[in-house]
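# Residue-level structure breakdown
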Amino acid sequence: EEPYVAVVYSDYLHLVCSGCFHEDTILLIRNCKENPPKACRGCHKVYYCGAQCQKNDWKLHKAECKFLSAASEVPLDLVRMIARLLIRRQRGDHDNFTAFNGRTFDDLMDHRSEFDSLDANNRFDTVFEDTKNYVTSDYMVDKEEILRYAGKILVNQFAISGPADTSIGNGLYIGCSVFDHSCQPDLTRRSIGSKIILRTQNKDQTLDGIDKLTVSYISSLSCTEEWRKLLRSNPYFFHCECRKCEDTEQDGYARSIKCTNPSCVDGLCIVKYDSTSLSCIKCAATSNVTVEEAHNWNADLIRVEDSGIEEVEVLTDLYNNMAPKLSRRNIHLANLSFRLCTLHKEESEFVVAAKYAQACEEALMSLTTLGMAERTATLEVLTQVAFLTEETSPNTLRLLAMWERAVLASNGPEDVAKETRDEATLEMYFKIKFILKDCETAIEKAQADSDEYETDDEEEN
């Protein structure tokens, strides 16, 4: 589904095409200066990759261009989304637009009463005033209507993702907003440009009853208490009781620590909220770490995740302190590793990034409840690191093979049925590409049909 309205995040406006959102126009990940998006000649604040994208977006940007030109600075992303809704309202789209499943703009929930009860700082009043100051009077509506728009956006929007699952904007998808949340969803989600694609792994699924399927509203890379805290707060307002949230065993692995028995190799102790002591699942030795200490270690990492700290030195020190204590299946340690991998990659420090990529791979791939499309998106940055380092170690080749399998699995039942290649064949394929130093061709091949991977005698020679 294409979005009803969408905006590129303000920080990325000069890096991403506001017409197509396509990853080929994104510079922040690729460190590439070829064919950058060009600024709109009217407002000089929104960028497009070409005349066609600007033309496609003109029906909404024509009025928006005037708003931005008169603004001293780019307003909040939420305010820009509201403004685009106001433009569509004046065009009559709210009454005339119907999504693929028959839903209309009026069908979207806004949770106004819940937001009002939590809005101690009058945040919505600020949103209203900012909107009033941003759009011209001929587009403005009353305060209650603006606040309903804000609620509809916050409750129903999806993040639009670029390379390496980096969120680059938000879109309001009227049809896809029908799906309820589950931490173990029926549908996996990915973005291609501004288009959102939802797929089910059930090859027998039909369109009958499709509105009963579920999708995950939040990242699966966390633990039950963190998921439930997010879902209880705005903009979702519910307590999740899905199978994943009730799976205390899986949750214990996500908080696990290393076995303290020096003779035990790769042992770990799962950490549950109701644990009274910790013992290794491999050697059965009782850990000399208390349950309180283990919870505190996890809490320290959660605080860093929530703080948004991006200083490499601070994160590196924390990783060096926690890596000897926590198991490689600990999801909070994996999140820290993944963050360091991404930061080093953005600085073109690919060898260091590859080290952290390998450190978080085991935890990410061990999550049985993590959807294949989510694995694909998460592993894309690791794959890019591997390509750019031209590393041919067995671990990297295995990682590429796992990523390729995830790509096929996320493309639906037909591609899963075509997946008959063994890991050795995949490793041979990638090794050939590394030797040829033909990274761009390798990336394109990784998206082709499976028969292109069959290694014939000539390629072997």
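The notes below deal with the structure included here.

Parameters at a glance
- Residues numbered from 1 in each chain as written.
- Predicted model: local features only at pLDDT ≥ 70, side-chain atom pairs only at ≥ 80, totals over all residues.
- Heavy atoms only, no water.
- Helix = DSSP H or I, 4+ residues; strand = E, 2+ residues; numbered from the N terminus.
- Buried < 20%, exposed > 50% of the residue type's maximum accessible area, 1.4 Å probe, protein only.
- 1 Å grid on protein atoms, 1.4 Å probe; cavity = no way out; pocket = protein on both sides within 12 Å on 5 of 7 lines; lining within 4 Å.
- Points joined across faces, edges and corners; volume = space filled by probe spheres on them.
- Nonpolar A, V, L, I, M, F, W, Y, C, P; charged D, E, K, R; others polar.
- Pairing = 2+ DSSP bridges.
- Core = buried A, V, L, I, M, F, W, Y, C linked by side-chain atoms within 4.5 Å.
- Contact = heavy atoms within 4.5 Å.
- Phe/Tyr/Trp six-rings, centres within 6.5 Å; stacked < 30°, edge-to-face > 60°.
- Lys NZ or Arg CZ within 6 Å of the ring centre and 35° of its normal.
- Axes fitted to C-alpha atoms, helices over the stretch in contact; angles between N-to-C directions.
- Parallel < 35°, antiparallel > 145°, perpendicular 65-115°, else oblique.
- Left-handed = near helix turned anticlockwise from the far one by under 90°.
- Expected span 1.5 Å × (residues − 1).

Along the chain, Asp 300 turns up in helix H10 (residues 291-307). Owing to a relative accessible area of 27%, Asp 300 belongs among the partly exposed residues under this scheme. Separated by 32 residues in sequence, Asp 300 and His 332 place their C-alpha atoms 9.4 Å apart.

The full count for this structure, using the stated rule, is five cavities of 30 Å³ or more. Roughly 50 Å³ of volume is contained in the second largest cavity. Considering the residues around the second largest cavity, the lining is formed by Ala 6, Val 7, Val 8, Leu 13, Ser 18, Val 46, Glu 64, Arg 80 and Arg 84. Elements represented by at least two residues in the lining of the second largest cavity include exactly strand S1 (5-8) and helix H2 (77-90). Looking at the lining of the second largest cavity, the element that brings in the most residues is S1, giving three residues. For the lining of the second largest cavity, the residue count by class is five nonpolar, one polar and three charged.

With six bridges joining them, strand S7 (residues 187-192) and strand S8 (residues 195-200) adopt antiparallel strand pairing. Bridge pairing in S8 places Leu 187 opposite Thr 200. From the end of S7 to the start of S8, which pair antiparallel, there are two residues, and Gly 193 there has a positive phi angle of about 65°.

So, on to unusual backbone geometry. Phi is positive for Asp 266, close to 60°, though the residue is something other than glycine. Inspection of the secondary structure puts Asp 266 in the loop between strand S10 (257-258) and strand S11 (268-269). By relative accessible area, Asp 266 is classed as exposed at 71%.

Here the focus is the nonpolar core. Counting residues in each nonpolar core, the largest one holds 41 residues, and the members touching the most others are Phe 67, Ile 82, Leu 85, Phe 105 and Tyr 134. Looking at this core, the elements that each hand over two or more residues are S1, helix H1 (51-70), H2, helix H5 (123-134) and helix H6 (143-156). The greatest single-element share of this core, amounting to eight residues, is contributed by H2. If sequence neighbours within four positions are ignored, Phe 67 has contacts with Ala 83, Ile 87, Tyr 134, Val 135, Thr 136 and Tyr 139.

Right, let's talk about the packing of aromatic side chains for a bit. Summed over the entire model, instances satisfying the criterion amount to eight aromatic pairs. When the ring of Phe 67 is compared with that of Tyr 139, the centres are 5.4 Å apart and the planes differ by 85°; the resulting orientation is edge-to-face. One end of the pair, Phe 67, is in helix H1; the other, Tyr 139, is in the loop between H5 and H6, and 72 residues separate them in sequence. For the pair shown, Phe 67 and Tyr 139 are each scored as buried. Of the aromatic side chains, those joined through ring pairs into one cluster are Tyr 4, Phe 97, Phe 105 and Tyr 149. Its guanidinium or amino end placed over the ring of Phe 105, Lys 152 lies 5.1 Å from that ring's centre, counting from NZ or CZ. The ring of Tyr 253 has Arg 329 sitting right over it, with the charged end atom 4.2 Å from the ring centre.

Moving on: the packing of H2 against H6. Direction vectors running N to C along H2 and H6 enclose 115°, while the axes themselves pass 10 Å from each other. In terms of orientation, H2 lies roughly perpendicular with respect to H6. H2 and H6 meet at a crossing whose hand is right-handed. Facing H2, whose interface residues are Leu 78, Met 81, Ile 82, Leu 85, Leu 86 and Arg 89, H6 presents Ile 146, Tyr 149, Ala 150, Ile 153 and Leu 154. For the contact of H2 with H6, a count of residues per class yields 10 nonpolar, no polar and one charged.

Our focus in this paragraph is H2. End to end, H2 covers 20 Å across 14 residues, agreeing with the expected 20 Å (1.5 Å per residue, within 8%). The buried count for H2 comes to 11 of 14 residues, which makes it a mostly enclosed element. Residues of H2 that are buried include every one of Leu 78, Val 79, Arg 80, Met 81, Ile 82, Ala 83, Arg 84, Leu 85, Leu 86, Ile 87 and Arg 88, and no others. At the exit of H2 stands Gly 92, carrying a positive phi of roughly 85°.

Another point: the pairing of strand S5 (residues 167-172). Burial analysis of S5 places five of its six residues in the buried class, which makes it a mostly covered element. The sheet contact formed by S1 and S5 spans four bridges and is antiparallel. If you follow Val 5 over to S5, its bridge partner there is Leu 172. Sheet topology note: the strand S4 (residues 157-161)/S5 ladder contains five bridges and is antiparallel. Bridging across to S5, Phe 158 finds its partner in Gly 171.

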